[in-house]
Amino acid sequence: MISIIIVNYRQKDFLEKCIRSIYETFLSYPFETIIVNNSPAEDLHSFGSRYANLKIILNENRGYSQANNLAAKNSAGKYLFFLNADTEIRSDFLKTFTDEFEHRQFGAAGMKLHNTDGSFQLSFWKEVNFRNERISKHAEKMFKERNEHFISELEKKYDDVKAVDWVSGAAMIIRKDIFENIGGFDENFFLFYEDTDICKRLSDNGFTNYFFPFAGIIHHKGENVNDQFHSDTYYHSKESQLLYYKIHNSVKDNVLLRSYLFIKFLFLYAVTFRKINRDILLLTLGKKRSD
């Protein structure tokens, strides 16, 4: 059995579409669904009465990692399928996946994601370090600009199961025993980089991470954070980036990243006087905001 784990935070409308797509599409392999509701003001009880093998856990919002770890502890599946609430399942790939990975000693497997318009979405990449930052920024730019040649070539290159450094937590599968042995998600990551962190720890412990291209999933990327991306969420992204570098990268890489971010946000604050830019500037100096 596969345990499908979804964290809800102010995404009830997306969540309803996601759950409906799961139960309408996954017919070939047994599964349970566990929803961790990090926004208790949203009443999700009706989902439990409409769908079989669906469990809802009310939870104080202590971050994405903590919520997923809580669900994993309450799961019964051999595999843990971490899935974002702003996704929709479009193909029944669970049996294909288990057939492919049943005898593999793998770390994390990332599912292929598509944008709302059906185009290929980047959901894996190279190891996170300062040397690869320029390569990553270039790839992000190509995808943001919808560069058809770049995207098409990358999609062709990864048209079969292939080893990668990390995969997106928006649709990630890990065997439960391995997840437990690795210690689950690091709860010091409140939001962002928890997926790259666990992939790095899996890799460091001898497990290979894979990209699985035979999944049909629409990911309405960013819809859960757009309204606040230049405030709380943006702050968490930089906080998690700095934490990841501190844990996994060299002193040199840490100095380079902090220097780059310091110069960038010093300039942005001088130009805009926006609080978020000041907060991140102070973060590069080791001063976290109190809230």
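Nothing here was measured: the structure is a model prediction, and the numbers come from that model.

Undergrad: Teacher, can you tell me more about the packing of helix α5 (residues 130–144) against helix α6 (residues 148–157) here?
TA: Between two packed helices, both the angle of their axes relative to each other and the distance between the axes serve to describe the pair. Two elements in contact, α5 and α6, have axes separated by 8 Å at closest approach and are oriented at 115°. The orientation of α5 relative to α6 falls into the category roughly perpendicular. Between α5 and α6 the crossing geometry is left-handed. In contact with His 138, Ala 139, Met 142 and Phe 143 of α5, α6 contributes Phe 150, Ile 151 and Leu 154. In terms of residue class, the contact of α5 with α6 is made up of six nonpolar, one polar and no charged.

Undergrad: Where do I start with helix α4 (residues 94–101) in this structure?
TA: Structurally, the α-helix is built with 3.6 residues per turn, so residues lying three or four positions apart point the same way. By the burial criterion, the buried members of α4 are Leu 94, Phe 97, Thr 98 and Phe 101. Take α4 and look down its axis: the buried residues cluster within an arc of 95°, on one side only. The inward-facing, buried residues of α4 contact β1 (2–8), β4 (79–83), β6 (106–114), β11 (171–175) and β12 (208–219).

Undergrad: What exactly am I supposed to notice about the packing of aromatic side chains here?
TA: The relation between two aromatic rings is expressed through the spacing of the ring centres and the mutual angle of the planes. What the rule picks out here adds up to 28 aromatic pairs. When the ring of Phe 81 is compared with that of Phe 93, the centres are 6.2 Å apart and the planes differ by 70°; the resulting orientation is edge-to-face. Placement of the pair is Phe 81 in strand β4 and Phe 93 in the loop between β5 (87–89) and α4, with a sequence separation of 12 residues. Judged on exposure class, the residue Phe 81 and its partner Phe 93 are both buried. Ring centres of Phe 143 and Phe 150 lie 6.1 Å apart, and the angle between their planes is 90°; on these two criteria the pair is classed as edge-to-face. Phe 143 gets classed as buried once you look at its relative accessible area, which sits at 11%. Residue class for Phe 150 comes out partly exposed when judged on its relative accessible area of 22%. Here the guanidinium or amino end of Arg 104 rests over the ring plane of Phe 101, the centre of that ring lying 5.2 Å away. Residue placement shows Lys 126 over the ring face of Trp 125; its charged tip is 5.6 Å from the ring centre.

Undergrad: It is not clear to me how the packing of helix α9 (residues 232–248) against helix α11 (residues 275–284) should be interpreted in this structure. Could you clarify?
TA: Close contact between α9 and α11 brings their axes to 10 Å; oriented N to C, the two are set at 10°. When the interaxial angle is binned, α9 and α11 end up roughly parallel. Crossing angle aside, the handedness with which α9 passes α11 is right-handed. Here α9 contributes Tyr 234, Tyr 235, Lys 238, Glu 239 and Leu 242 to the contact with α11, which in turn contributes Ile 276, Asp 279, Ile 280, Leu 283 and Thr 284. Among the residues forming the contact of α9 with α11, the class breakdown is six nonpolar, one polar and three charged.

Undergrad: Mind showing me how you'd approach helix α1 (residues 12–25) here?
TA: When the terminal C-alpha atoms of α1 are compared, their 20 Å separation across 14 residues agrees well with the 20 Å that a helix rising 1.5 Å per residue should span. Turning to α1, its buried residues number three or more, namely Leu 15, Cys 18, Ile 19, Ser 21, Ile 22, Tyr 23 and Thr 25. Buried residues along α1 sit in contact with β1, β2 (31–37), α2 (45–50), β3 (54–58), β4 and β5.

Undergrad: Help me understand the side chain of Arg 201 in this model?
TA: Secondary-structure assignment places Arg 201 in helix α8 (residues 194–204). Given the relative accessible area of 18%, Arg 201 is considered buried. Once residues lying within four places of it in the same chain are set aside, the contact partners of Arg 201 are Ile 182, Gly 184, Phe 185, Asp 186 and His 248.

Undergrad: I'm lost on the pattern of salt bridges in this one. Help?
TA: Any two side chains of opposite charge can pair, on the condition that their charged atoms come close. The tally for this structure, following the rule as stated, stands at 18 salt bridges. Between Arg 146 and Asp 117 there is a salt bridge, with the nearest N and O atoms lying 2.7 Å from each other. With Arg 146 in the loop between α5 and α6 and Asp 117 in the loop between β6 and β7 (120–121), this pair connects stretches of sequence that are 29 residues apart. One salt bridge in this structure joins Asp 279 and Arg 278, with 3.4 Å as the shortest N-O distance. Under the relative-accessibility criterion, Asp 279 is labelled buried at 5%. Exposure remark for Arg 278: the relative accessible area of 33% places this residue in the partly exposed category. Each of Asp 232, Lys 275, Arg 278, Asp 279 and Arg 289 takes part in a single network of salt bridges with overlapping partners.

Rules behind the numbers
- Think of each chain on its own: its residues are numbered from 1, step by step along the sequence as written.
- Selection of residues for local features in this predicted model requires a pLDDT of at least 70, selection of side-chain atom pairs for listing and counting requires 80 or more, and totals for whole chains, interfaces and linings are taken over all residues.
- In computing side-chain values, all of the structure's heavy atoms are included and hydrogens and water are not.
- The angle between two axes is taken between their N-to-C directions and runs from 0 to 180 degrees, where each axis is a line fitted to C-alpha atoms and a helix contributes only its stretch in contact.
- Under the DSSP-based scheme used, a helix requires at least four consecutive residues in state H or I and a strand at least two consecutive residues in state E, with every element numbered from the N terminus.
- Note on angle classes: values under 35 degrees are labelled roughly parallel, values over 145 roughly antiparallel, values of 65 to 115 roughly perpendicular, and the remainder oblique.
- For any helix crossing, the convention is left-handed if the near helix is rotated counterclockwise from the far helix by under a right angle, and right-handed if that rotation is clockwise.
- Two residues qualify as a contact provided that any one of their heavy atoms is within 4.5 Å of a heavy atom in the partner residue.
- Residues are sorted three ways: Asp, Glu, Lys and Arg are charged, Ala, Val, Leu, Ile, Met, Phe, Trp, Tyr, Cys and Pro are nonpolar, and all the rest, Gly among them, are polar.
- Whether a residue is buried, partly exposed or exposed follows from its accessible area with a 1.4 Å probe, protein chains only, as a fraction of its type maximum: under 20%, in between, or over 50%, in that order.
- Note: the arc covers the axis-to-C-beta directions of the helix.
- Think of it this way: a Phe, Tyr or Trp ring, Trp meaning its six-membered ring, pairs with another when their centres are within 6.5 Å, and the plane angle makes it stacked under 30 degrees, edge-to-face over 60, tilted otherwise.
- By the criterion adopted, a ring carries a charge over it if an Arg CZ or a Lys NZ lies within 6 Å of its centre and within 35 degrees of its normal.
- Expected span of a helix, by definition, is 1.5 Å for each gap between consecutive residues, and there is one gap fewer than residues.
- By salt bridge we mean one thing: a side-chain nitrogen of Lys or Arg within 4 Å of a carboxyl oxygen of Asp or Glu.

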